[in-house]
Amino acid sequence: MNTTVDFARMNGLGNKILVIDMRGRRDRVTPQAAIALNADPATQFDQIMAIHDPKADGTDAFIDILNSDGSKAQACGNGTRCVVQALAAETGKKAFTFQTVAGILNAQEHADGTISVDMGTPVFAWDKIPLSEEFYDTGRIELQIGPIDDPILHSPSVMSMGNPHAIFWVDRDVMSFDLERFGPLLENHPMFPERANITLAQVTSPSSLTTRTWERGAGLTLACGSAACSAAVSAARTGRTGRNVTITVASATPPGILTIEWRERDDHVVMTGPAEWEWSGAVDPATGLWSREEEPETGSAAL
């Protein structure tokens, strides 16, 4: 078995993604390799999307997702769009079905280059998110940071979109908060036994939000697709918006746009947005040692 595999450095609204081709192999990208890759500025990433041979009938691949600290992630919407773009360039297909530890994801590349990912159904039950304390209504739970009589952040909406999310509603620019300081405290709060993604969300109209996210296991990232979905669902669930929302991801450079639909007919959450190929190379999935290919005349997302 070859020691190296093909990989591509990509991004979804600036969310730094490494798509690694593990098809035809039985090994996995190790946590040690992930940590080594993240330590190198050239390959620093938010999530690794490792493409494995399908395990279930009717699926195109099994996707193993790793955070930059080497831990496992259940879902990554921006990363899934990158996988779709890479496989579409390789195969010419436009529609894909993936299996992840969080379940089955269907995705499609459109003629304009944007990609839609069906992220499945949201989970609101406190013990399924999970939380360490029972709440009947997870649309608003008792949790705050800052002085008790004047908290900086408080009363988040919590849910799972394949991974735990807490959405804190703010009434000013999401970039004006010191999320780099508050994020780690909230991610690791005892309320979240499996840690949580922490998002600041500002409602800007009945059909639009602005968000910024501290990702579980990755830190302050430029974008987070499952967090955008969670913010959109939580906004609709609490009566702040309708079920079709445009998300401005404030931390992306430049700020990027995602369209989220929480479908009434089946409660599935569909996210639509871009993906971008940057460069390709080869990597040892055991150690993280890598090399970069020479740049082709025309950039391609194919692995």
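Rules behind the numbers
Residues numbered from 1 in each chain as written. Predicted model: local features only at pLDDT ≥ 70, side-chain atom pairs only at ≥ 80, totals over all residues. Heavy atoms only, no water. Salt bridge = Lys/Arg side-chain N within 4 Å of Asp/Glu carboxyl O. Buried < 20%, exposed > 50% of the residue type's maximum accessible area, 1.4 Å probe, protein only. Helix = DSSP H or I, 4+ residues; strand = E, 2+ residues; numbered from the N terminus. Polar contact = N/O pair within 3.5 Å; in protein donor to acceptor, adjacent residues only side chain to side chain. Contact = heavy atoms within 4.5 Å. Expected span 1.5 Å × (residues − 1). Pairing = 2+ DSSP bridges.

Visitor: Describe the pattern of salt bridges, listing the residues and the values that go with them.
Guide: Side chains that carry opposite charge are capable of pairing whenever their charged atoms lie near each other. One pass over the structure, following the stated rule, counts 15 salt bridges. The partner of Asp 21 in a salt bridge is Arg 23, with the nearest N and O atoms 2.8 Å apart. According to the relative accessible area criterion, Asp 21 is buried, its value standing at 14%. Looking at Arg 23, the relative accessible area reads 28%, which means it is partly exposed.

Visitor: Quick one: what's the story with the side chain of Thr 241, residue by residue and with numbers?
Guide: Within the secondary structure layout, Thr 241 lies in the loop between helix H4 (225-237) and strand S16 (244-249). A polar atom in the side chain of Thr 241 sits 3.5 Å from the backbone nitrogen of Ala 236. Excluding residues that lie within four positions of it along the chain, Thr 241 makes contacts with Val 203, Ser 205, Pro 206, Leu 209, Ala 232, Ala 235 and Ala 236.

Visitor: Account for the environment of Ile 247, with residues named and values stated.
Guide: Examined against the element boundaries, Ile 247 turns out to sit in strand S16. Taking the C-alpha atoms as reference, Ile 247 lies 8.8 Å from Cys 229; in sequence the two are 18 residues apart.

Visitor: Describe helix H2 (residues 77-91), listing the residues and the values that go with them.
Guide: Under the 1.5 Å per step criterion, the end-to-end length of H2 is 21 Å for 15 residues, consistent within 8% with the ideal 21 Å. Burial of H2 is extensive: 12 of the 15 residues sit out of reach of the surface. Within H2 the residues assigned to the buried category are Gly 77, Asn 78, Gly 79, Thr 80, Arg 81, Cys 82, Val 83, Val 84, Gln 85, Ala 86, Leu 87 and Ala 88.

Visitor: Which residues make up the environment of Glu 142, and what are the values?
Guide: As for its position among the elements, Glu 142 is in the loop between strand S8 (115-118) and strand S9 (144-145). On the basis of relative accessible area, Glu 142 is assigned to the exposed category, the value being 65%. Remark: the alpha-carbon pair of Glu 142 and His 154, spanning 12 residues in sequence, is separated by 7.3 Å. Not counting residues up to four positions away in its chain, the partners in contact with Glu 142 are Phe 135 and Met 191.

Visitor: Which residues make up the pairing of strand S19 (residues 276-283), and what values do they have?
Guide: Of all 8 residues in S19, 6 are buried, a share of seventy percent or more. With 7 bridges joining them, strand S1 (residues 5-12) and S19 adopt antiparallel strand pairing. The residue bridging Arg 9 from the neighbouring strand is Trp 279, located in S19. Relative to strand S20 (residues 290-292), S19 runs antiparallel, the two being bridged by 3 bridges.

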